[in-house]
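Each chain, letter by letter, is given below.
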There are 4 protein chains.
Amino acid sequence: MSKKRGRTEKGEKSRHRLMEAAAEEFARSGYHATKVSDIVKAAGLTQAAFYLYFPSKEAILSELVAEFKQQLRVFGDSGSNVTALAPSDVPAKMRQNIEDVLTFLLKNRELVRVALYESPEATVIHEEITGLIRENARKNWLAGHIREGLALDVVAECIFATIHASAERWLFNGEKSAKQLASEIAEVLQYGMLAHRPKNDLPKA
Amino acid sequence: MSKKRGRTEKGEKSRHRLMEAAAEEFARSGYHATKVSDIVKAAGLTQAAFYLYFPSKEAILSELVAEFKQQLRVFGDSGSNVTALAPSDVPAKMRQNIEDVLTFLLKNRELVRVALYESPEATVIHEEITGLIRENARKNWLAGHIREGLALDVVAECIFATIHASAERWLFNGEKSAKQLASEIAEVLQYGMLAHRPKNDLPKA
Amino acid sequence: MSKKRGRTEKGEKSRHRLMEAAAEEFARSGYHATKVSDIVKAAGLTQAAFYLYFPSKEAILSELVAEFKQQLRVFGDSGSNVTALAPSDVPAKMRQNIEDVLTFLLKNRELVRVALYESPEATVIHEEITGLIRENARKNWLAGHIREGLALDVVAECIFATIHASAERWLFNGEKSAKQLASEIAEVLQYGMLAHRPKNDLPKA
Amino acid sequence: MSKKRGRTEKGEKSRHRLMEAAAEEFARSGYHATKVSDIVKAAGLTQAAFYLYFPSKEAILSELVAEFKQQLRVFGDSGSNVTALAPSDVPAKMRQNIEDVLTFLLKNRELVRVALYESPEATVIHEEITGLIRENARKNWLAGHIREGLALDVVAECIFATIHASAERWLFNGEKSAKQLASEIAEVLQYGMLAHRPKNDLPKA
DNA sequence: GATGAATGAGGATTCATTCAT
DNA sequence: GATGAATGAATCCTCATTCAT
C-alpha cells in the first residue's frame, strides 16, 4: 500500500517528520529558498537520511502537492448535491460551504501555500479548485439559485480568490475565525456591495 | 537626479534593458530560479556589466518593486473622488474603476508578479493596495453607495483578489479584454450571486 | 571539547590536513594570493570539503593565528624565573633563551609567517611577543642583570627583531643552526658592538 | 629622461598622483588587497586613466620598488667613509648614522613598506640593505672600532632589524622622534644589555 | 589626456546529492 | 535506518584590463 519506504515503524516516522518539516519550510520560505539542510534540521535527521526517503528535493515537493490534491479530493467528495435546496436555505448553505472551505484551508495551510505558490503545478491546481467551484455554481444556477447574467467562471474565480486571500489575511494568523469570516464573505458574495439596485432588478417570479 | 549609473545615453539604455529583462525573468521563473546570467543574457550584456548598475541580484529586485510602488502611487493619485456621484452613476463608475485597475495591471504585468509574488515586501504591498481600495470603499460607504452590514476590509480584499486572480487567469493571456472582464467582475461584485433575496432586503427609503 | 567538526577520526584528519596546507600556502604565497583551491589541492580534498570545516577562507586564517597564539602561550608559560641567577650564569641563560625562541620559531615557521605577516592581528601579536620579552627584561633589570640607562622597550624590540630577522635569514633555510645562531646573537646583544668603551663604563661594584 | 609617459605637464601630474596613491594604498592594505579602483579613487582619476600610465597593477608596484631602490642608492652614496674616525668619535658617529637611517625611513615610509613587505623582491632588497650595513660594519671592524668575535652578518641584521622594527613601532606613528630613538637604539647596540661583564673582557690594548 | 561602458577570467561560497561505514 | 564525510556543478560577485568616444 505504502508508496516507497516506511517498512518499519521508525522509518515511517522519519519519513513523516520530513514531510511535515518540508511543508512548513516550503510554506515559510518558498521552495527554492528552502535548503535540504533546513528540512532535515527541522526534522532532526541528517542530509543523507533525506535521500533514504525521497529521491530528490523536487520529489518531496511533488509528494506534498500530491498529498494536497488527495486532501482536496476527499474534501471535494464530501460536497453536497445542491439542487434540492429551497431558495430560502441557499444563503445559509452557501455560508456553510464557505466556512467549510476556510476550515479546510486552515487545516492544510502549509500544503495550501506549497501547492498554490511553490508548485510548478500551481496553475493547474488553482484551476482544479475553481473548476470544482464553477461546477458547483453551475448546479446552483441550474437550480435557479444564482442570478442570470453572471459569468460563472468569473464567479468561481471571485469566490475562491476571496476565500483564499481572506484566509491568508485573517484566518491563518488567527485574526478572524472561520465562522465569522465565512459570514462576512458570504454577505458580500451573495448580495453584492451596492446599496441601491436598479428598478428592474426584481426577483424572478 | 539620476540614481546611480547611467550618466550617458548608452549606459542608461543598458540599465533599462537589465531592469526589463530582470522583470521578465523574475515574473516567468521567480526570483530564486532566475540566474543573473539569465538576466544579462536576455539583456545582451555580460555578468560583470550587471554589477556596474546594480550591487546585487537582490538590489535589482528591490528596484523593480520600488518602481512598481511608484507606478502604483501614480495610479492611486489619479483616483477619483467619489462622493459627488449620483447613485445611478455608481455602477458604471465602479465598472470603470475595475477596468482601470485591470488596465494598470496589464500594463505592469511583470512588475505585478514580481512585487506580489517574489518580493519580500509582497505582503506589505498587498496590504497597501487593499488599503487603498478599502479607503475608497469607505468613501463610497459614507456617500451611501455601499450597503450597510458589510465588512469593508473583506470587501476590499474581495475586490482586489477577484481582479488580481481574474487578471492572471484571463487578462494576461489575452483570453478576455479588460473591458469585458471589468463588466463581468462588476456584475458579480455589485449585485452578488443570489437570484433570490430575502423579503426584508429592500432598498432603503 | 572539539570545536566544530571532526567527530570522527577521518574528519579530524582532513581538518588537520587543511590547516597544515593553509599554513604552508599562506606562508609561501601570502593570504590573498592563496586560493582556497590551492589549499584543498594541497590537502587532497575538494573545495566543498573545505567549507565543511571552515566557514570561510578568513576563518582558517584566524584559526591558524589562534593556534599560533596558543603555541606562544604554552611557550611563554615555560618561561623561567630569572631573579635567582648568579650574574655569571646570566649570559649562558640568556643565550639559552634565545636558542629556545629560535627553536620555537623554527618549529612553527609557517605559523610565524602567517601570524606576523598575513594576519590582521599581526601588529597586536608582535606587541604581545615583545611585551613578553620586555617583561622578562624588566625582571632581569630588577635583578640587576641589565644595565641602567637602557630603554627596555627598545631592548625588547631589538631582541625580538634580531631573533626574528635572523631566523628568517638563516634558520629557516638551514644555513645556520639554532645553537650557533643563538651564540652569535647573544654575543652581540649582551656586550654590544663597540671594541672600546668609555673610561667610566666600569662594572658596578 | 622620463621613462614612459608624462609628455605634458598635466600628464606628469596625474602619473605622480597615481604613484603616490598606490604607495599609500599598498602600504596601508597590501598589494593584493589594494584594488586599482582604490588607487584611482585616491588619485581622483578613472580606471582607464590608470592604464594610460602603467601597463598593469604589477607595473606600478615595480616602479615604486624601483623608486625606493633609487632613493636607497642616493642615501647609500651619501654614506661616510669610516676609517679615519678616532675611537672616541665612533659612538656619536654611529648614533648619527642610525638617526640618518631612521630619517630616511620616515621620509619614505610608504615606499619602505611596499618594498619590504609587498614586493616580490622584498628579500633581495632586505639583503641589499643589510649588505650595505654589513659592509659598513666591516670597514669599522677593520678600523678596529668593532669588537672581535662578532659575526658581522648577524650584527648587520641586528642593526637593521632593530632600526626597522623600531621605526614601525614608534617612529612612523610619531611616538618617538628619530633623534631620541637613535639614542636609545645606539645605547643598546653599542654596549649591549648586560650590566656585568666577564673579567677578561677588557678593551684590547 | 581622459572618460564611461564593457568584458573575461577567475574566486569564494553554496547546495543537492552520493558514498562508505 | 542512519550517519559523517565528501563531492560536482553551479552561482554570485570581483577585478584587472580594454574599448570607443
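Residues numbered from 1 in each chain as written. Chains lettered and ligands numbered in written order. Predicted model: local features only at pLDDT ≥ 70, side-chain atom pairs only at ≥ 80, totals over all residues. Heavy atoms only, no water.

If you look chain A up in an unreviewed UniProt entry, it shows as Putative HTH-type transcriptional regulator YdgC from Aneurinibacillus danicus.

Screw-axis analysis of chain B against chain A gives a translation of 0.0 Å along the axis, an RMSD of 0.1 Å, and a rotation angle of 180°. Within this description, the copies of the chain are treated as partners about a two-fold rotation axis. Across chain B, the rotation axis passes nearest the C-alpha of Gly192(B), at a separation of 1.9 Å. A share of 98% of interface residues in chain B that are also interface residues in chain A marks the association as one of identical surfaces. (Least-squares fit on C-alpha atoms with pLDDT ≥ 70 in both. Contact = heavy atoms within 4.5 Å.)

This part takes up the pattern of salt bridges. For the coordinates displayed, the defined rule picks out 48 salt bridges over all chains. Here Arg113(B) ties to Glu168(B) by a salt bridge, and the two come within 2.7 Å at their closest N and O atoms. Of the two residues, Arg113(B) sits in helix H6 (residues 109–118) while Glu168(B) sits in helix H8 (residues 152–171), which places them 55 residues apart along the sequence. Where Arg95(D) meets Glu99(D), a salt bridge forms, and the shortest distance between an N and an O atom there is 3.1 Å. In this pair, Arg95(D) and Glu99(D) both sit in helix H5 (residues 90–107), 4 residues apart, roughly one turn of the helix. Here Glu99(D) falls in the buried class, since its relative accessible area comes to 12%. (Salt bridge = Lys/Arg side-chain N within 4 Å of Asp/Glu carboxyl O. Helix = DSSP H or I, 4+ residues; strand = E, 2+ residues; numbered from the N terminus. Buried < 20%, exposed > 50% of the residue type's maximum accessible area, 1.4 Å probe, protein only.)

Per the UniProt record, the feature "DNA-binding region" (unreviewed entry) sits at residues 35–54 of chain A. Span residues 35–54 of chain A is 75% helix and 0% strand, its end C-alpha atoms 14 Å apart. (UniProt positions renumbered as here; feature names shortened; annotations may be inferred.)

Below, the discussion takes up the domain arrangement of chain A. Where interface size is quoted, it is often the accessible area lost as the parts come together. All names here are of chain A. Looking at the assigned domains, one finds that chain A contains domain 1 (9–55) and domain 2 (61–191). Of note, the centres of domain 1 and domain 2, computed from C-alpha atoms alone, are 29 Å apart. Contact residues are listed per partner, giving 10 residues for domain 1 and 9 residues for domain 2. For the domain 1 and domain 2 pair, buried surface summed over both sides reaches about 810 Å², with 73% attributable to carbon and sulfur atoms. Looking only at domain 1, the three residues that lose the most surface to domain 2 are Met 19, Phe 26 and Ala 27, adding up to 51% of its buried area. Taken together, domain 1 and domain 2 are joined by 1 salt bridge. Note that Arg 15 and Glu 63 form a salt bridge whose closest N and O atoms lie 2.8 Å from each other. Linking domain 1 with domain 2 are 2 residue pairs in polar contact (both at pLDDT 80 or more). Grouping the amino acids of the side of domain 1 that touches domain 2 by side-chain chemistry returns 7 nonpolar, 1 polar and 2 charged. (Domains from an automatic or database assignment. Buried area = accessible area lost by both parts, 1.4 Å probe. Polar contact = N/O pair within 3.5 Å; in protein donor to acceptor, adjacent residues only side chain to side chain. Nonpolar A, V, L, I, M, F, W, Y, C, P; charged D, E, K, R; others polar.)

Take the interface of chain C and chain D next. Each side of the interface is counted separately: chain C has 44 residues, and chain D has 45 residues. Taken together, the two surfaces of chain C and chain D that pack against each other cover about 4,400 Å², and 67% of this comes from carbon and sulfur. Among the residues chain C hides against chain D, the three largest losses belong to Arg147(C), Met193(C) and Leu194(C). Together they make up 18% of the total. Across the chain C-chain D interface, the total number found is 8 salt bridges. Salt-bridge contacts for Asp153(C) lead to Lys176(D); the nearest nitrogen and oxygen are separated by 3.1 Å. Scanning the region where chain C abuts chain D turns up 18 residue pairs in polar contact (both at pLDDT 80 or more). Here the side of chain C that touches chain D is built from residues that sort into 26 nonpolar, 9 polar and 9 charged.

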